[in-house]
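Report on the structure
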Amino acid sequence: MDRETGRPGTGLRTGPRTPPAGVARTPRPRLGQSVPGAPPPPAARRPRRRGPRLSAAVGVGLLLAGGGVVAVDRLGQDRAAPAPLTPAGRALAAAGAGRPAALADLAALIGERRERVRRAPADRASWAVLGAALAERAARSGAPGAYTEAERALQRALAQGGTPDVRALTGLAVLAAARQDWAGAVRWGEAARDRAPGRVGAYRVLLEAYPGTGDAEGADRALERLRKVRPGPVAEVAAAWVHRERGWREDAEATVYDAAARAATPAERAAALSRAGDLAWERGEAETALARYEGALRAEPEHDGAAAGRARALAGLGRSEEALTAWARARAAAPRPGYAVESGELLLALGRSAEAADHFALARHQAAALARDGVRQEPALGRLEADHGDPAEAVRLLTEEHRRHPGPAASGALGWALHKAGRSAEALPRLRAAVKDGPNTARPAYHLGMVHLALGERGAARRQLTRALRLAPQFSPLHAERARRELAALGEPAWGPPPA
């Protein structure tokens, strides 16, 4: 087996053969050419039809591509041109390889499988493929209603009886992760992995779900296995985010840029470039981040993560009106409440408080619609209530989120809500844990600095606020400016002896 291509090897020597001493080399005849001195074939013998043998001895592989068959001879040459893949076929092939599919191809696959199950309601495989495709689209579009439709199709696949279809199990894991039910994503992802250890999809979900449950070691194991099962861009994009969660920025950058260079499809390239943009943004390199996000959007114009990243980068560069337009594009691609919160904070920073209030109301409306579809909204609503609503309600929401999914992100969010609710002493250990154990990013450092400031710990506040602005000077159009004001008020540290 060729480790790079995944195709069967020929088992043939490729170097020149040297005949034994004293034996003359006999030239091999070309196709249709007779060997001099050889007897003619018997007149009565019928010509024998020869086709490609499907055995490893002659080194022939069959590539199935959307219904077409390509016979590859032992010299690696095509005997027949492959049938072109349909959009649905491309989406199916991407799913089999563990790659993201283009959204247009995903829509074509959903339409095709809906028609199949309409004609054959007991077709378990088609229900599994349909449900998995709907789950991926729900995860990427964030559209209310998409999650429930995906769950119905996946449960229909399992209800047919027999051995559970691994595609249905993986689809349920993807769906749970999209709903931010990290424990459910781990449960379904591990079931899919145990059912088919060589398939890629389960590992991709587990790499997202384990950190959500606070299981860093589980993420390490899943990444190691994914790299063995399918080395290449899919594994490297996942690895970059695992490294980022550890605070290993250089490793994260190296792997994600390698993944972008080796991407096989536009959707795969968009995923890698969007992650590269995220890493550049968190380093405080807004120009570089903007270039990466725009590259991702050229590869996949509907990529909502890249659209949101582009909006952040534009705001960080002081191009506020362009940023507001970019936020509108991100919200159109995926109605995620967090996008409305961030665009509202940009409006607040611009002094447009009435418009900002409209965006915060939109975020609450979107969160309610997603909650009806089974999507957990505690993180988004907790952030909104802590900074722009009822901090006590934020504490309630985020306490529940931390109980269900302990980890640096939930700990930091709860700590900030406690501080905003006037409970800074309780907030301090949670925010320290978020800075120590989470990714090396600006916002947790800013939150910790503000808590130190509230507790009168000026030196610690100065250190953390300085750290936040060094990591990313424009991490937020609203909070970065406040960090600068507080630092200016703190002034330079006094280096003389302490007062008697």
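Residues numbered from 1 in each chain as written. Predicted model: local features only at pLDDT ≥ 70, side-chain atom pairs only at ≥ 80, totals over all residues. Heavy atoms only, no water.

1. Some thoughts on the overall build of the protein chain
Check the secondary structure of the protein chain and you find 23 helices and two strands. Burial status across the protein chain gives 44% buried among its 500 residues. Nonlocal contacts in the protein chain, meaning residues at least 24 apart in sequence, comprise 51% of its contacts between residues at least 6 apart. Here the protein chain displays about 25,800 Å² of accessible surface, and carbon together with sulfur accounts for 53% of that area. (Helix = DSSP H or I, 4+ residues; strand = E, 2+ residues; numbered from the N terminus. Buried < 20%, exposed > 50% of the residue type's maximum accessible area, 1.4 Å probe, protein only. Contact = heavy atoms within 4.5 Å. Areas by Shrake-Rupley, 256 points an atom, 1.4 Å probe, with all protein chains shown as cover.)

2. Brief notes about the pattern of salt bridges
Two side chains with opposite charge may pair up if their charged atoms get near one another. As enumerated under the stated definition, the model contains 36 salt bridges in all. Here Glu 112 makes a salt bridge to Arg 116, at a shortest N to O gap of 4.0 Å. Linking Glu 112 with Arg 116, this pair stays in helix H2 (residues 103–119), spanning four residues, or about one helical turn. Using a relative accessible area of 30% as the deciding quantity, one classes Glu 112 as partly exposed. (Salt bridge = Lys/Arg side-chain N within 4 Å of Asp/Glu carboxyl O.)

3. Remarks on the packing of aromatic side chains
For the structure on display, the rule yields three aromatic pairs. With 5.5 Å between their ring centres and 50° between their planes, Tyr 446 and Phe 475 make a pair best called tilted. With Tyr 446 in helix H21 (residues 442–454) and Phe 475 in the loop between helix H22 (458–471) and helix H23 (479–490), this pair connects stretches of sequence that are 29 residues apart. Exposure remark for Tyr 446: the relative accessible area of 0% places this residue in the buried category. Taken together, Trp 416, Tyr 446 and Phe 475 form an aromatic cluster joined through their ring pairs. (Phe/Tyr/Trp six-rings, centres within 6.5 Å; stacked < 30°, edge-to-face > 60°.)

4. Concerning the side chain of Ser 141
Within the fold, Ser 141 resides in helix H3 (residues 124–141). Taking relative accessible area as the criterion, Ser 141 reaches 18% and is therefore assigned buried. Filtering out sequence-adjacent residues up to four positions away, Ser 141 remains in contact with Ala 333, Ala 334, Pro 335 and Arg 336.

5. Concerning unusual backbone geometry
For Gln 180, which is not glycine, the phi torsion reads 60° and is therefore positive. You can see Gln 180 is positioned in the loop between helix H5 (166–178) and helix H6 (182–195).

6. Let's talk about the nonpolar core
Counting residues in hydrophobic clusters, the biggest one holds 36 residues, and the most contacted among them are Trp 327, Ala 330, Tyr 339 and Leu 346. When contributions to this core are tallied by element, the ones reaching two or more residues are helix H10 (249–262), helix H11 (266–282), helix H12 (286–299), helix H13 (304–316), helix H14 (320–333), helix H15 (337–349) and helix H16 (353–372). At seven residues, the largest contribution of residues to this core is made by H13. Ignoring any residue separated from it by four or fewer positions in sequence, one finds Trp 327 in contact with Ala 308, Ala 311, Arg 312, Tyr 339, Glu 342, Ser 343 and Leu 346. Counting residues in hydrophobic clusters, the runner-up holds 29 residues, among them Trp 416, Ala 417, Val 451 and Ala 472. (Core = buried A, V, L, I, M, F, W, Y, C linked by side-chain atoms within 4.5 Å.)

7. Re the side chain of Glu 282
Among the structural elements, Glu 282 can be located in helix H11. Among the residues examined, Glu 282 registers a relative accessible area of 15% and is labelled buried. Apart from residues no more than four positions distant in its own chain, Glu 282 is found in contact with Arg 244, Arg 249, Thr 441, Leu 471 and Ala 472.

8. Some thoughts on the packing of H15 against helix H17 (residues 378–388)
Contact geometry for H15 and H17: axes closest at 9 Å, N-to-C directions at 20°. Our classification of the angle between H15 and H17 gives roughly parallel. In this structure, H15 crosses over H17, and the sense of that crossing is left-handed. Only Ala 380, Arg 383, Leu 384, Asp 387 and His 388 of H17 make contact with H15, whose side of the interface consists of Pro 337, Val 341, Glu 342, Glu 345 and Leu 348. Residue composition of the contact of H15 with H17, grouped by class: five nonpolar, one polar and four charged. (Axes fitted to C-alpha atoms, helices over the stretch in contact; angles between N-to-C directions. Parallel < 35°, antiparallel > 145°, perpendicular 65-115°, else oblique. Left-handed = near helix turned anticlockwise from the far one by under 90°. Nonpolar A, V, L, I, M, F, W, Y, C, P; charged D, E, K, R; others polar.)

9. A few points about helix H4 (residues 146–159)
Along its 14 residues, H4 runs 20 Å from first to last C-alpha, staying within 8% of the 20 Å computed at 1.5 Å per residue. Three or more residues of H4 are buried, namely Ala 146, Tyr 147, Ala 150, Ala 153, Leu 154 and Ala 157. One side of H4 carries all its buried residues, which in axial view fall inside an arc of 135°. Facing away from the buried side of H4, by more than 90 degrees, are the exposed residues Arg 152 and Ala 159. (Expected span 1.5 Å × (residues − 1). Arc of directions from axis to C-beta.)

10. Observations concerning the environment of Lys 420
Its place among the elements puts Lys 420 in helix H19 (residues 408–420). With 29 residues separating them along the chain, Lys 420 and Pro 391 place their C-alpha atoms 5.9 Å apart. With sequence-adjacent residues up to four places away left out, Lys 420 is seen in contact with Ala 386, Asp 387 and Pro 391.

11. Notes on the environment of Leu 346
Note on placement: Leu 346 falls in helix H15. Since its relative accessible area comes to 3%, Leu 346 is described here as buried. Along the sequence, Leu 346 and Ala 323 sit 23 residues apart, while their C-alpha atoms lie 8.6 Å from each other. Setting aside its immediate chain neighbours within four residues, Leu 346 contacts Ala 315, Ser 320, Ala 323, Leu 324, Trp 327 and Pro 477.

12. Examining the confidence of the model for the protein chain
Per-chain confidence: the protein chain averages 82 in pLDDT, with 82% of residues scoring 70 or above. Contacts from residues 1–79, a stretch scored under 50 in pLDDT, to residues over four places away or in other chains number 55 contacts. (pLDDT = per-residue confidence, 0-100.)

13. Here's the deal with the environment of His 405
By the secondary structure assignment, His 405 is in the loop between helix H18 (391–404) and H19. Assessed through its relative accessible area of 2%, His 405 is described here as buried. Through-space distance from the C-alpha of His 405 to that of Asp 181 is 8.6 Å; in sequence the pair is 224 residues apart. Once residues lying within four places of it in the same chain are set aside, the contact partners of His 405 are Gln 180, Asp 181, Trp 182, Ala 183, Gly 212, Thr 213 and Ala 410. At a separation of 3.1 Å, a polar atom in the side chain of His 405 contacts the main-chain amide nitrogen of Trp 182. (Polar contact = N/O pair within 3.5 Å; in protein donor to acceptor, adjacent residues only side chain to side chain.)

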